[in-house]
Protein chains: 2
Amino acid sequence: MAIVPMAKREKRITIYDLAKSLNIAPSSVSKALNNSHAISSKIKKMVEDKAKELNYVHNTNAANLRRGFTRIIGVIVPKINESFFANIIAGIEKVCVQHQHSLIICQTEESLEKEVNAVQTLIRQNVDCILISLSLETQSTAHLEEIKNNHIHFIQFDRISPAIDSYTVVNDNEAASYQAVAHLAKQGYQNIAYFGGPAHLNLYQERKQGYKNALKDFGLTFYEDFVKDEIISTASGKQEALHLLQTNVKPDAFLCTSDYVSLGVLEALQQLNLSSPKDVGIIGFANEMFTQLVQPSLSSVNQFSYEMGEQIAELYFSEVMKQKEHEEIKTIKVKTEIVQRASSSR
Amino acid sequence: MAIVPMAKREKRITIYDLAKSLNIAPSSVSKALNNSHAISSKIKKMVEDKAKELNYVHNTNAANLRRGFTRIIGVIVPKINESFFANIIAGIEKVCVQHQHSLIICQTEESLEKEVNAVQTLIRQNVDCILISLSLETQSTAHLEEIKNNHIHFIQFDRISPAIDSYTVVNDNEAASYQAVAHLAKQGYQNIAYFGGPAHLNLYQERKQGYKNALKDFGLTFYEDFVKDEIISTASGKQEALHLLQTNVKPDAFLCTSDYVSLGVLEALQQLNLSSPKDVGIIGFANEMFTQLVQPSLSSVNQFSYEMGEQIAELYFSEVMKQKEHEEIKTIKVKTEIVQRASSSR
DNA sequence: CTGTTAGCGCCTTCAG
DNA sequence: CTGAAGGCGCTAACAG
């Protein structure tokens, strides 16, 4: 019985094949395909045509290995499917495509362990740059040092650690928070509570600071009990609001660092038969889609997440990429805007 | 004046460095690092320790080039920041991490041109598999053929083209739509309109078919004018609803293939001083977060997007990856569920 | 402007 | 189980 030969998997077309069939040198083919100026437009044309004819596909991998860089950017976020981060990724992607770069995306699900793994993976993939927003768990930065040690550029955004030197792109959180409180104060609210996230994150410290500063500037009383640092979900927002609203000295407004928390506060009000904005003012952060759809509509700080994504990527292409090591690093502040809706308008 | 030498950029540590410093062969190092069985655990240990000591970083690029595959999966979606797709991506990512694979993400922004480019890019990157949901514009499939020609696995999901053979992961759109109409009928609605997307997409054809079948089975009248195929935004939903609700024979319910369209219908009702569910029933698709927050809350078909993402990836790892070419392909249907809320409960 | 040469770092034969 | 050799496909450096 005859042995049936394996279907031979046709070999990939390489620049050598093109070179051979055109009787020129492989390096010339390479130059032609890379649009080098050191090649005649005649050869360029020949090569392009032949490449099309033979269905040549450039092997990015081989080129990467040879060149030492990849035109790939790694992005690490806590959750891909949180609209704030999804928007940022979309913005980054848009700009990266313009610059012919690809994007590898990792999510940490708020776990330091996964964040460390993600960094590892991206380093091994030889990405040119890592764009990262830290997980809630992250307090150490050894893994970020690894990025530097491997001479990979990196930019922190939104949830950053000041413990490590890097380019950063953030909102002006202190100012945003200040403005939110100022807004509440102007609407006549006097006892303003702050529901923020874990204080080890810069971001929340700044928001708290802006809150405190505004209280002082507007002559409002600061109540230690009104300041909560671990409120980041609808459930915890509701629970804590229920608690505070049944004490002696109660808040008449809430500054929440997340719209989801605002939602929880709103639920608490409904349960207590209080109404917003009449009894209690609410303002959140992120300007999620749903804030304009609930009753009453929720005021929020628009963080311009999509634009933040664009700016992160643009920062990379305009400066970081070109930069020699040990140059001056830079922080970009992305504008914010108070979106006043029903929940804080009285 | 002396010439200052450039800071020499220390060279990357390779398996050769490890081999040299341990007095063994590079191939042994490779085997050790890859957990080959053809190596003693003694050497394995030595190598691992030395790798740690010298901060060795595996160069995935070089390995990819040599091996011919990359453990990278490419994902192409219309929009990263649409929650349906964001959830799918998140689900895919979760499973890929478990299998030590990375994800390159591209968005087409509903443009065929960008879709073609994305496919190109991913092919050049030597991804092992492409997971794709088509743009609204996509009617040709030449670029998908290219994927096959380059022997790259691929799976279509949600917005698929039947014009090309491939694994697919979709909802049972016809059944979902049928159940939605059945639900409306049971609630006593009789004149049910259908607001769908472009009919060249399979997905919408199926939903329309399910709608038609249900009308028939429940003895409801089919009005040609109640069927619209290009309604995919809140604005167009509102506009078309305003139109239909001011004709002689008006619908008393709307099946919308998107929650955003449902929202538009709701706006139209408010403008016409009609109320839902009393006057008009509404049900949408996707079970977006906001559907439970608006007044009245909106019924919707839950498509289990995150789970769909997981299943797509699992399909790849459990079958597609292992498959020889020209084997039987397969379609996975992801369950759906009618989420009944106020807008269709009377 | 074109061609030659020499690796990038790794993995996979195949010998021993 | 270990080692030697070769090449994945490309580009950069240099020579002509």
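Residues numbered from 1 in each chain as written. Chains lettered and ligands numbered in written order. Predicted model: local features only at pLDDT ≥ 70, side-chain atom pairs only at ≥ 80, totals over all residues. Heavy atoms only, no water.

Peer 1: Got a minute to help me understand empty space enclosed by the protein in this structure?
Peer 2: Over the atoms, a rolling probe the size of a water molecule traces out where space has been left empty. For the structure on display, the rule yields one cavity of 30 Å³ or more. Residue lining of the largest cavity: Asn61(A), Asn64(A), Ile72(A), Gln125(A), Asn61(B), Asn64(B), Ile72(B) and Gln125(B), and that is the complete set. In terms of residue class, the lining of the largest cavity is built from two nonpolar, six polar and no charged. (1 Å grid on protein atoms, 1.4 Å probe; cavity = no way out; pocket = protein on both sides within 12 Å on 5 of 7 lines; lining within 4 Å. Points joined across faces, edges and corners; volume = space filled by probe spheres on them. Nonpolar A, V, L, I, M, F, W, Y, C, P; charged D, E, K, R; others polar.)

Peer 1: Looking at this structure, how should I read the nonpolar core?
Peer 2: Soluble globular proteins: nonpolar side chains tend toward being buried together. Phe254(A) and Phe254(B) are the most contacted members of the largest nonpolar core, which has 88 residues in total. Residues in contact with Phe254(A), not counting those within four places in the same chain, are Leu184(A), Ala193(A), Phe195(A), Ala241(A), Leu244(A), Leu245(A), Val265(A), Val280(A), Gly281(A), Ile282(A) and Ile283(A). The next biggest cluster of nonpolar side chains, apart from the first, holds 60 residues, and it includes Leu131(A), Tyr167(A), Ile73(B) and Ile88(B). (Core = buried A, V, L, I, M, F, W, Y, C linked by side-chain atoms within 4.5 Å. Buried < 20%, exposed > 50% of the residue type's maximum accessible area, 1.4 Å probe, protein only. Contact = heavy atoms within 4.5 Å.)

Peer 1: Explanation requested: the packing of aromatic side chains in the structure shown.
Peer 2: Between two aromatic rings, the relevant description is the distance of the centres plus the angle of the planes. All names here are of chain A. The final tally for this structure, using the stated rule, is 14 aromatic pairs over all chains. Considering the side-chain rings of phenylalanine 84 and phenylalanine 85, the 5.2 Å spacing of their centres and the 70° angle between planes classify their relative orientation as edge-to-face. In terms of burial, phenylalanine 84 and phenylalanine 85 fall into one category: buried. In this structure, arginine 67 packs its charged tip against the face of phenylalanine 69, placed 4.7 Å from the ring centre. Directly above the aromatic system of phenylalanine 285 lies the positively charged group of arginine 207, at a separation of 3.9 Å from the ring centroid. (Phe/Tyr/Trp six-rings, centres within 6.5 Å; stacked < 30°, edge-to-face > 60°. Lys NZ or Arg CZ within 6 Å of the ring centre and 35° of its normal.)

Peer 1: In this structure, what is going on with the protein's contact with DNA strand D? I would like to understand it.
Peer 2: Close to DNA strand D lie 28 residues; Tyr16(A), Ser30(A), Tyr56(A), Arg66(A) and Arg66(B) are nearest. Atoms of DNA strand D within 4 Å of the protein: sugar and phosphate make up 62%, bases the balance. With respect to DNA strand D, the backbone of Ile15(A) contributes an N or O atom lying 2.7 Å from a phosphate oxygen. Note that a phosphate oxygen of DNA strand D is positioned 2.6 Å from one of the side-chain N or O atoms of Ser30(A). Elements that contribute at least two residues to the surface near DNA strand D include exactly helix H1 (15–22), helix H2 (26–33) and helix H4 (60–67) of chain A together with helix H2 (26–33) and helix H4 (60–67) of chain B. Of the residues contributing to the surface near DNA strand D, the split by class is 12 nonpolar, 10 polar and six charged. (Near = heavy atom within 4 Å. Polar contact = N/O pair within 3.5 Å; in protein donor to acceptor, adjacent residues only side chain to side chain. Helix = DSSP H or I, 4+ residues; strand = E, 2+ residues; numbered from the N terminus.)

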